[in-house]
Amino acid sequence: GSFKGVNGRPEYVRQACDASLQRLGVDHIDLYYQHRVDRSVPIEETVGAMAELVRRGKVRYLGLSEASPATIRRAHAVHPISALQTEYSRTARWGAGSSPGGSKRSTTCRRTIGAATTRASRARISRKTWTSSRGWSSWR
């Protein structure tokens, strides 16, 4: 697939989920991330669409990537956010506290909303999705 940019519109969230379910051949996704926050769409709308996927049984838990503490709190007010992914590398210590907002994101996740944090290395970012029934599968 070609890069389509960041898209947090509710209709795209639903379409992307349905396409992933079909490609993976599963009936649900355990952890569904918005991998980049779309600044042109209020996070409440994006997470609202993701929450509807949870209610329909297509998704179990929701996650965000590279979101600010304020965005995390706004998203969590719509539906519980279970995980936050932040970039981590030797040169850009995202999430480790040396980048702007890094330690604040981790604190917001652990103390404020009780979400887990995961790290992604730019060199290791891949197009993979985890499902409990099939393990890691490519979503290309």
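All figures in this text were calculated on a predicted structure; none of them were measured in a lab.

Q: Help me out: how do you make sense of the overall build of the protein in this one?
A: For the protein, the helix and strand inventory stands at four helices and six strands. In sequence order, the secondary structure elements of the protein are arranged as α-β-α-β-α-β-α-β-β-β. For the protein, with 140 residues in total, the buried portion stands at 41%. Excluding contacts between residues fewer than 6 apart, the proportion of contacts in the protein whose partners are at least 24 apart in sequence is 61%. Of the roughly 8300 Å² that the protein leaves accessible, carbon and sulfur atoms contribute 49%.

Q: Looking at this structure, how should I read the layout of surface pockets?
A: Once rolled over the atoms, a probe with the size of a water molecule shows which space is left empty. Taken as a whole, the second largest pocket spans an internal volume of roughly 270 Å³. The wall of the second largest pocket is formed by 13 residues, among which Val37, Arg39, Glu66, Ala67 and Ser68 lie closest to the centre. Per-class residue counts for the lining of the second largest pocket are five nonpolar, two polar and six charged.

Q: For this particular structure, what's the right way to read the nonpolar core?
A: With 21 residues, the main nonpolar core has Cys17, Tyr32, Val47, Val59 and Leu64 as its most contacted residues. At the level of elements, helix H1 (10–24), strand E1 (29–34), helix H2 (43–55), strand E2 (59–65) and helix H3 (69–78) are the ones that each hand at least two residues to this core. Contacts of Val47, omitting those with residues within four sequence positions, involve Leu62, Leu64, Ala75, Val78, His79 and Ile81.

Q: Looking at this model, I keep getting lost on the packing of H2 against H3. Mind explaining?
A: When two helices pack together, their arrangement is given by the angle between their axes and by how far apart the axes lie. Running from N to C, H2 and H3 point in directions that differ by 40°, and their axes come no closer than 9 Å. Judged on the interaxial angle alone, H3 and H2 are oblique. Crossing handedness for the pair H2 and H3: right-handed. Between H2, through Ile43, Glu44, Val47 and Gly48, and H3, the contact on the second element is made entirely by Thr71, Arg74, Ala75 and Val78. Its residues assigned to classes, the contact of H2 with H3 comprises four nonpolar, two polar and two charged.

Q: I tried to follow unusual backbone geometry on my own but got confused; where do I start?
A: Among all residues except glycine, the phi angle is most often negative; among peptide bonds, the trans geometry is most common. Within the chain, Glu66 stands out as a residue other than glycine whose phi angle is a positive 55°. Considering the arrangement of structural elements, one finds Glu66 in the loop between E2 and H3.

Q: Just to check I follow, could you spell out H2 for this structure?
A: For an α-helix, the turn length of 3.6 residues means that residues three or four places apart are oriented alike. If you check H2, its first and last C-alpha atoms are 18 Å apart, about what 13 residues at 1.5 Å a residue would give, namely 18 Å. For H2, every residue scored as buried is listed here: Ile43, Thr46, Val47, Ala49, Met50, Ala51 and Leu53. Those residues of H2 that are buried lie in contact with H1, E1, E2 and H3. Of the residues flanking the end of H2, it is Gly57, one or two places downstream, whose phi is positive at about 80°.

So, how was this worked out
- Note that residues are indexed from 1 along each chain, following the sequence as it is written.
- In keeping with the predicted nature of the model, local features appear solely for residues at pLDDT of at least 70, side-chain atom pairs appear and are counted solely at 80 or more, and the whole-chain, interface and lining totals rest on all residues.
- Calculated side-chain values reflect all of the structure's heavy atoms, with hydrogen atoms and water omitted.
- The way it works is that DSSP assigns letters per residue, a run of H or I at least four long becomes a helix, a run of E at least two long becomes a strand, and they are numbered from the N terminus.
- Using a 1.4 Å probe on the protein chains alone, a residue whose accessible area is under 20% of its type maximum counts as buried, one over 50% counts as exposed, and one in between counts as partly exposed.
- Any two residues having at least one pair of non-hydrogen atoms within 4.5 Å are treated as being in contact.
- Values of accessible area rely on a 1.4 Å probe in the Shrake-Rupley scheme; residue burial ignores everything except the protein chains shown.
- In this analysis, the protein atoms alone were mapped onto a 1 Å grid. Cavities are point sets where a 1.4 Å probe fits without being able to get out; pockets are open sets with protein on both sides within 12 Å along at least five of seven lines; lining residues have an atom within 4 Å of a point.
- Grid points are joined across faces, edges and corners, and a volume is the space filled by probe spheres set on the points.
- Three classes are used, and their members are as follows: Ala, Val, Leu, Ile, Met, Phe, Trp, Tyr, Cys and Pro are nonpolar, Asp, Glu, Lys and Arg are charged, and the others, Gly among them, are polar.
- Take the buried residues of types Ala, Val, Leu, Ile, Met, Phe, Trp, Tyr and Cys, join any two whose side-chain atoms come within 4.5 Å, and each joined set is a nonpolar core.
- In this description, a line fitted to the C-alpha atoms serves as the axis of each element, helices being fitted only across the stretch in contact, and the angle between N-to-C directions of two axes falls anywhere from 0 to 180 degrees.
- An angle below 35 degrees is treated as roughly parallel, one above 145 as roughly antiparallel, one from 65 to 115 as roughly perpendicular, and anything else as oblique.
- By definition, turning the near helix anticlockwise from the far helix through less than a right angle yields a left-handed crossing, and turning it clockwise yields a right-handed one.
- Take the residue count of a helix, subtract one, and multiply by 1.5 Å to get its expected span.

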